[in-house]
Amino acid sequence: MKVDLKKRRTQEISEKRAYIRGLAVGLSMKKMVVKEVAELLNVSKRSILRWRARHRKDLFVNKVSTGRKTKTTERSNRLLLRLALKNKFSSAVELLKMWNERLSVQTVYNRLRKAGLRKRRPFVAPLLTKSQRYVRENWAMKKCLWREMWKKMIFTDESRFRRMRNDRRIMVWRRRGERMKMENFKWSMQSMGGSIHVWGAIWFGGRSELRILKSFVNGKTYIKTLADFFNADNTPQDFIFQDDNAPAHRSSLVSEFHRRRDTRRIDWPARSPDLNPIEHVWDILKRRVSNRGKIESLQELQTIVIEEWMAIPQCLIDNLILSMPCLLYTSPSPRDLNPNLVLRLLL
């Protein structure tokens, strides 16, 4: 878009200059004094004399300045493009060494940008074995056709909040050469000032109270957390319970606890936290906590986390749950889902 705008402006400037040259030559050919033409068009007399001389010699042609010739050929540019597509995670410096051209790193960026390639953050996907991918694909094929069932789901998970969050997405406005100024520093410390471990649950139309986990999560502590949750007043009655495959969640004590309560549980694919919508809620919550500014103590962190948890709009949580079919349809799998079948059944 920027390239097209730049070309358009260059063309407009070139047409304006051509119009002024033609007007100047036409007025001077009508026996008008060169000085008067120069004052009228606000150009120098020397330019008008030069334009009129070129016109008499049939050299008056509107030419667009081509600029300096490029040091690379089309064949060399195609080689760079092939290197970038073959080594997608290589830096521009590494590509320049493989390219074997005596040019600057900025030239590498320019050539690749012209070819439509830019450095972007990669999509982070869980590392799965072949069997885990197969199970995940079959699970997504069955569940992506659900609509109303997701409204009966309770999604649960634990998360850790640190007093000093090391978020690489936070950037600073500064000039070149101001990197080592103290006002541009993002301070950190060992263990990031301490942390708290929390457990929460979300469902369509509600959420649980955020529970602070004081000790290491094992089967016994997890059962205590679940008992407090199931005995709460706002817990829905007819629901399907979801938790991941952590050792504490799949222990024999927890399985016996769910069997006694006759809890309906959904099978969950291994190493698939990206399929749980509560992960997006944790990310939103961490951003909101980070925006509260400097936190002095863990007690203050605990208070802020609970306040921001309750302040998250419920419509946002509902939209995340309703987006589960689309999330499963686009989840990484060894084979693409059949788009004609899925779209016909979803619409």
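Residues numbered from 1 in each chain as written. Predicted model: local features only at pLDDT ≥ 70, side-chain atom pairs only at ≥ 80, totals over all residues. Heavy atoms only, no water.

Observations concerning the overall build of the protein chain
Along the protein chain, the regular secondary structure elements total 14 helices and five strands. Taken across its 347 residues, the protein chain has 34% of its residues classed as buried. (Helix = DSSP H or I, 4+ residues; strand = E, 2+ residues; numbered from the N terminus. Buried < 20%, exposed > 50% of the residue type's maximum accessible area, 1.4 Å probe, protein only.)

Here we look at helix H5 (residues 92-99)
Every buried residue belonging to H5 is among Ala92, Leu95, Leu96 and Trp99, and all of these are buried. Around the axis of H5, the buried residues are gathered within 105 degrees of arc, so they sit on the same side. Downstream of H5 by a residue or two, asparagine 100 has a phi angle that is positive, lying close to 60 degrees. (Arc of directions from axis to C-beta.)

Things to note about the environment of isoleucine 321
Here isoleucine 321 is to be found in helix H12 (residues 314-322). The spacing of isoleucine 321 and asparagine 276 is 45 residues in sequence and 8.9 Å in space, taken between C-alpha atoms. Residues within four places of isoleucine 321 in sequence aside, it is in contact with Trp150, Phe155, Trp203, Phe204 and Pro277. (Contact = heavy atoms within 4.5 Å.)

Some words on the environment of valine 281
Following the sequence through the fold, valine 281 ends up in helix H10 (residues 278-290). Take valine 281: its relative accessible area is 1%, and that puts it in the buried class. With residues up to four places along the chain from it excluded, the contact list for valine 281 reads Ile202, Trp309, Ile312, Ile317 and Leu320.

Thoughts on the pattern of salt bridges
Following the criterion strictly, the structure yields 15 salt bridges and no others. Here aspartate 274 and arginine 136 are joined by a salt bridge, their closest N and O atoms 2.7 Å apart. Residue aspartate 274 is located in the loop between helix H9 (252-261) and H10, and its partner arginine 136 is located in helix H7 (residues 130-143); the two are separated by 138 residues in the primary sequence. On the basis of relative accessibility, which here comes to 2%, the residue arginine 136 falls in the buried class. A salt bridge links lysine 181 to glutamate 178; its shortest N-O distance comes to 3.8 Å. Assessed through its relative accessible area of 39%, lysine 181 is described here as partly exposed. (Salt bridge = Lys/Arg side-chain N within 4 Å of Asp/Glu carboxyl O.)

Focus: the pairing of strand E2 (residues 195-203)
Within E2, eight of the nine residues are buried, which leaves it mostly tucked inside the rest of the structure. Direction of pairing for strand E1 (residues 153-162) relative to E2: antiparallel, over a ladder of nine bridges. Its bridge partner being in E2, glutamate 158 is matched across the sheet by tryptophan 199. In this sheet, strand E4 (residues 211-213) lies alongside E2 in antiparallel orientation, the contact comprising three bridges. By the bridge assignment for E4, valine 198 is matched with isoleucine 212. Hairpin connection of E2 to strand E3 (residues 206-207): two residues between the antiparallel strands, including glycine 205 at a positive phi of 95 degrees. (Pairing = 2+ DSSP bridges.)

Focus on H10
Over its 13 residues, H10 extends 18 Å from the first C-alpha to the last, a length consistent with the 18 Å expected when each residue adds 1.5 Å. By the burial criterion, the buried members of H10 are Ile278, Val281, Trp282, Leu285 and Val289. An end-on view of H10 places all buried positions within 100 degrees of arc, on one side of the element. For H10, the elements touching its buried residues are E1, E2, helix H11 (298-311) and H12. (Expected span 1.5 Å × (residues − 1).)

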